[in-house]
Amino acid sequence: MDWTAIRLTFAVATCTTAILFVLGLPLAAWLARPGRGWRFLIEAVVALPLVLPPTVLGFYILWAAGPHSLPGRWYKVLFGSQLPFTFQGVVVASVLYNLPFAVRPFTAALATVDRKLIEASWCLGVSRLATFRRVTLPLAWRGILAGLVLTFAHAVGEFGIVLMVGGNRPGVTRTLAVAIYDDVQALDYTAAARSSLFLLAFAFTVMSLLHLLQRRTLRA
């Protein structure tokens, strides 16, 4: 087992999940509000990674963050390095690629909250932020948790977007999925089988917990 790759994989997944919780939840709350006639455009943008090949998304990330682009030059001025082929670059790519896996479950969970309860809280003088924290989140927490679990699990298994943006730098961008690819290329099927079994067991456990959580949500 490549434990360095495993640690790096879970570090990327943890950072991705945390960032999408902070950035994706406000976006999902906005999408869940009624009366947005043109929000289908934003929903389409959010859902694009579901249908785009990882290589296409990875290409645009490399193009946008490259040394000849304006964002790439700004990043180099601020941090003194390029974003591609770094841990930070892998995290950025993972966040963009996992955006729909977080925002869509968040939006579905927030949309199920009874609008009358939210409006009653506003009528009582509670601010929108406090209402969201005290009313909306407690009622939608199971769906939000399901989105976080799904995002984390999907980030652990990423391959194409990681290889495209991060390359294959041991200890820096070489995640477990990339390590499996390397083992197969080197005809080391024993190592590939061990790592694949680890990911299979992890994915099965996560999906079992996710379906159990969804069943309890429906019963509630």
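Refer to the preceding data block for the structure.
For the structure given in this document, a descriptive report is provided here. (Residues numbered from 1 in each chain as written. Predicted model: local features only at pLDDT ≥ 70, side-chain atom pairs only at ≥ 80, totals over all residues. Heavy atoms only, no water.)

**Let's talk about the overall build of the chain**
Inclusion rule: Strands here are runs of E lasting at least two residues and helices are runs of H or I lasting at least four, both read from the DSSP assignment and numbered beginning at the N terminus. Burial classification: accessible surface area is computed with a 1.4 Å probe over protein chains only, and a residue below 20% of its type maximum counts as buried, one above 50% as exposed, and the rest as partly exposed. Here, Shrake-Rupley sampling with a 1.4 Å probe gives the accessible areas, and only protein chains in the shown set may cover a residue. Counted as positive: Lys and Arg. Counted as negative: Asp and Glu. His and the chain ends are not counted at all. In plain terms, the charge of a residue is placed at NZ if it is Lys, CZ if Arg, CG if Asp and CD if Glu.
Counting secondary structure elements, the chain contains 11 helices and 0 strands. Moving toward the C terminus, one meets the helices and strands of the chain in the order α-α-α-α-α-α-α-α-α-α-α. Its C-alpha atoms give the chain principal-axis dimensions of about 65 × 45 × 25 Å. A total of 220 residues make up the chain; the buried ones form 38% of that total. Carbon and sulfur atoms make up 70% of the accessible area of the chain, which amounts to about 12,500 Å² in all. Side-chain charges in the chain split into 19 positive and 8 negative, and the spacing between the mean points of these groups amounts to 12 Å.

**Here we look at the packing of helix H1 (residues 3–32) against helix H2 (residues 39–51)**
This is how the line gets drawn: As a rule, the C-alpha atoms of each element are fitted with a line to give its axis, helices using only the stretch in contact, and angles between N-to-C directions run from 0 to 180 degrees. If you view the pair so one helix is near and one far, a crossing is left-handed when the near helix is turned anticlockwise from the far one by less than a right angle, and right-handed when it is turned clockwise. Whether two residues are in contact is decided by their heavy atoms: any pair within 4.5 Å suffices. Just so you know the grouping, Ala, Val, Leu, Ile, Met, Phe, Trp, Tyr, Cys and Pro go in nonpolar, Asp, Glu, Lys and Arg go in charged, and all remaining residues, Gly too, go in polar.
For the pair H1 and H2, interaxial distance at closest approach is 10 Å and the crossing angle is 145 degrees. Our pair here, H1 against H2, has a crossing hand that is left-handed. On the side of H1, the interface is formed by Leu27, Trp30, Leu31 and Ala32, while H2 contributes Arg39, Ile42, Glu43 and Val46. Considering only residue class, the contact of H1 with H2 consists of 6 nonpolar, no polar and 2 charged.

**A word on the side chain of Asn98**
The residue Asn98 is located in the loop between helix H5 (87–97) and helix H6 (99–111) in this model. When its relative accessible area of 0% is taken as the criterion, Asn98 is described as buried. Ignoring sequence-local partners within four residues, the contact set of Asn98 consists of Thr16, Leu20, Thr151, His154, Ala155 and Glu158.

**Re the packing of H6 against helix H8 (residues 128–156)**
Between two packed helices, the angle of one axis relative to the other and the distance separating the axes together describe the packing. Where we set the bar: Working rule for angles: under 35 degrees goes down as roughly parallel, over 145 as roughly antiparallel, 65 to 115 as roughly perpendicular, anything else as oblique.
At a closest axis distance of 8 Å, the pairing of H6 and H8 adopts a crossing angle of 150 degrees. Judged by the inter-axis angle, H6 sits roughly antiparallel to H8. Considering how the two elements wind past one another, H6 and H8 form a crossing that is right-handed. Residues Phe101, Ala102, Pro105, Phe106, Ala109 and Leu110 of H6 form the contact with H8, whose own contacting residues are Phe132, Thr136, Ala140, Gly143, Ile144, Gly147, Leu148, Leu150, Thr151 and His154. A per-class count over the contact of H6 with H8 returns 11 nonpolar, 5 polar and no charged.

**Concerning helix H4 (residues 70–79)**
Where we set the bar: In the analysis that follows, any N or O atom pair within 3.5 Å is treated as a polar contact, provided that within protein one partner can donate a hydrogen and the other can accept it, and provided that, for residues neighboring in sequence, both atoms belong to side chains.
With a side-chain oxygen positioned 3.1 Å from the backbone nitrogen of Gly72, the residue opening H4 is Ser69. One or two steps after H4, the chain reaches Gly80, where phi turns positive at roughly 75 degrees.

**Some thoughts on the pattern of salt bridges**
For the record, the criterion: We define a salt bridge as a side-chain nitrogen of Lys or Arg found within 4 Å of a carboxyl oxygen belonging to Asp or Glu.
Enumeration over the complete set of coordinates arrives at 4 salt bridges. The salt bridge partner of Arg115 is Glu119, with a shortest N-O separation of 3.8 Å. One end of the pair, Arg115, and the other, Glu119, are both in helix H7 (residues 115–123), 4 residues apart, so they sit about a helical turn from each other. Arg115 gets classed as partly exposed once you look at its relative accessible area, which sits at 29%. The exposure class assigned to Glu119 is partly exposed, which follows from its relative accessible area of 37%.

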